[in-house]
Amino acid sequence: MTTLLVIAKQPLPGRVKTRLTPPFTPAEAASLAAAALADTLTAAARVPADRHVLVLEGEPGPWLPPGFDVLPQVAGGLDVRLAAAFAACAGPALLIGMDTPQVAPEHLAPALRGDGHDAWFGPAADGGFWALGLAAPDPALLLGVPMSRPDTGAVQYERLRAAGLRIGGLPVLRDVDTAEDARRVAASAPGTRFAALHTALTTRPHPAGAGTGARGTGGQGAGGRGASR
């Protein structure tokens with residue numbers, strides 16, 4: 001049984017994409033997170049798999065398409081939560097985050113076909129990873145991997161290599177953590193909800209003083225640097 005997992009956080013103002021604030025307000029940052037999540041889930045739903053699962057911190061919203069099972073995230077660090085998501089799978093599984101709205105079905109499909117690989121790895125531009133696929137999910141491959149660091153992706157990849165796994169490569173994608181990330185991702189995926197909302201928010205005038213807020217942690221990439229998850 002193949003499983004496509006999306007790990008995500010409910011897009012609430014002040015709880016997600018806080019590194020976008022400023023220039024965006026907390027409500028605008030949460031709206032961008034919701035758009036990114038909707039784009040990600042739409043792409044995931046188009047990938048053939050026996051199960052599509054949203055591993056969620058919080059409550060489902062209108063951005064959730066039909067056909068997804070929803071599992072709550074367990075308590076603990078991100079490595080623990082990712083490991084638990086894989087532990088809930090009975091066969092080959094691919095896990096992605098919510099921070100790459102530019103993801104397309106063709107990015108994901110090879111990892112669920114297997115193609116003779118034991119693992120699939122999608123590096124993120126910030127040094128983390130946006131996707132991880134395992135033919136035989138083993139939580140031990142993730143537990144103890146330091147998350148949200150510039151070397152997270154390198155450490156995770158070495159963990160797979162040291163286990164003797166045959167690793168297939170997925171393309172490098174950029175997580176949306178900062179305003180510059182958002183600009184670049186929107187430009188690269190003009191047909192997405194995320195890009196349309198980003199354009200609307202960045203081309204309309206803002207009142208003086210708008211867009212300020214506390215800096216903090218971001219959304220929910222699979223293993224990127226900026227996410228609080």
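Refer to the structure printed above.
Along each chain, residue indices are assigned from 1 in the same order as the chain's sequence is written. Restriction of local features to residues with pLDDT of at least 70 applies here, the model being predicted, together with a cutoff of 80 or more for giving and counting side-chain atom pairs; totals for whole chains, interfaces and linings are based on all residues. No hydrogens and no water enter the side-chain calculation; it runs on all heavy atoms of the structure.

**Details of the sheet that holds strand E6 (residues 129-134)**
The condition is simple: Criterion used throughout: strands pair if DSSP finds at least two bridges between them. A helix here means a DSSP run of H or I that spans at least four residues, while a strand means a run of E at least two residues long, and both kinds are numbered starting from the N terminus. Under this scheme, a helix contributes an axis fitted over its contacting stretch, all axes are lines through C-alpha atoms, and angles between N-to-C directions fall in the 0 to 180 degree range.
Sheet architecture is open: seven strands sit in the order E3-E2-E1-E4-E6-E5-E7, paired in mixed fashion. Each having just a single partner strand, strand E3 (68-72) and strand E7 (167-169) make up the two edges of the open sheet. Here the strands of the sheet are splayed against their neighbours by 20° on average, with no regard to which way each runs. As paired strands, strand E4 (residues 93-96) and E6 are joined by four bridges and run antiparallel to one another. When the sheet's bridge partners are listed, leucine 95 is paired in E6 with leucine 132.

**Topic: the packing of helix H5 (residues 179-188) against helix H6 (residues 193-203)**
Keep this limit in mind: An angle below 35 degrees is read as roughly parallel, one above 145 as roughly antiparallel, one from 65 to 115 as roughly perpendicular, and any other as oblique. Two helices that cross are described as forming a left-handed crossing if the nearer one is turned anticlockwise from the farther one by less than a right angle, and a right-handed crossing if clockwise. Only heavy atoms matter for contacts: two residues are in contact if any of them lie within 4.5 Å across the pair.
Here H5 crosses H6 at 120°, and the two axes come no closer than 8 Å. With respect to H6, the axis of H5 lies oblique. Crossing geometry of H5 relative to H6 is assigned as left-handed. Contact residues: Ala182, Arg183, Val185 and Ala186 in H5; Phe194, Ala195 and His198 in H6.

**Remarks on the pattern of salt bridges**
As a reminder of what qualifies: Counted as salt bridges are all cases of a side-chain nitrogen of Lys or Arg within 4 Å of a carboxyl oxygen of Asp or Glu.
All chains considered together, the criterion is met by twelve salt bridges. A salt bridge links arginine 166 to aspartate 118, with the shortest nitrogen-to-oxygen separation between them at 2.9 Å. In this pair, arginine 166 sits in the loop between helix H4 (152-162) and E7 while aspartate 118 sits in the loop between helix H3 (105-113) and strand E5 (119-123), placing the two residues 48 residues apart along the sequence. Shared partners join several salt bridges into a network, and the residues in it are Arg15, Glu57 and Arg81.

**Quick word on H5**
What counts here: The buried label applies to any residue whose accessible area, calculated with a 1.4 Å probe on protein chains only, is under 20% of its type's maximum; exposed applies above 50%, and partly exposed to all values in between. Working definition: the arc comes from the directions between the helix axis and the C-beta atoms, pointing outward to the latter.
Among the residues of H5, Asp181, Ala182, Val185 and Ala186 are the ones counted as buried. One face of H5 carries all of its buried residues, which in axial projection span an arc of 125°. Within H5, the exposed residues directed more than 90 degrees away from the buried face are Ala187 and Ser188. Taken together, the buried residues of H5 touch H6.

**Here's the deal with the side chain of histidine 52**
Using the following cut-off: In protein, a polar contact requires one atom able to donate a hydrogen and another able to accept it; more generally it is a pair of N or O atoms within 3.5 Å, and residues adjacent in sequence count only if both atoms are side-chain atoms.
Along the chain, histidine 52 turns up in strand E2 (residues 51-57). At 2.8 Å, the side chain of histidine 52 forms a polar contact with the backbone oxygen of valine 47. Discounting chain neighbours no more than four positions away, the residues touching histidine 52 are Leu4, Ala44, Ala45, Val47, Gly67, Phe68 and Asp69.

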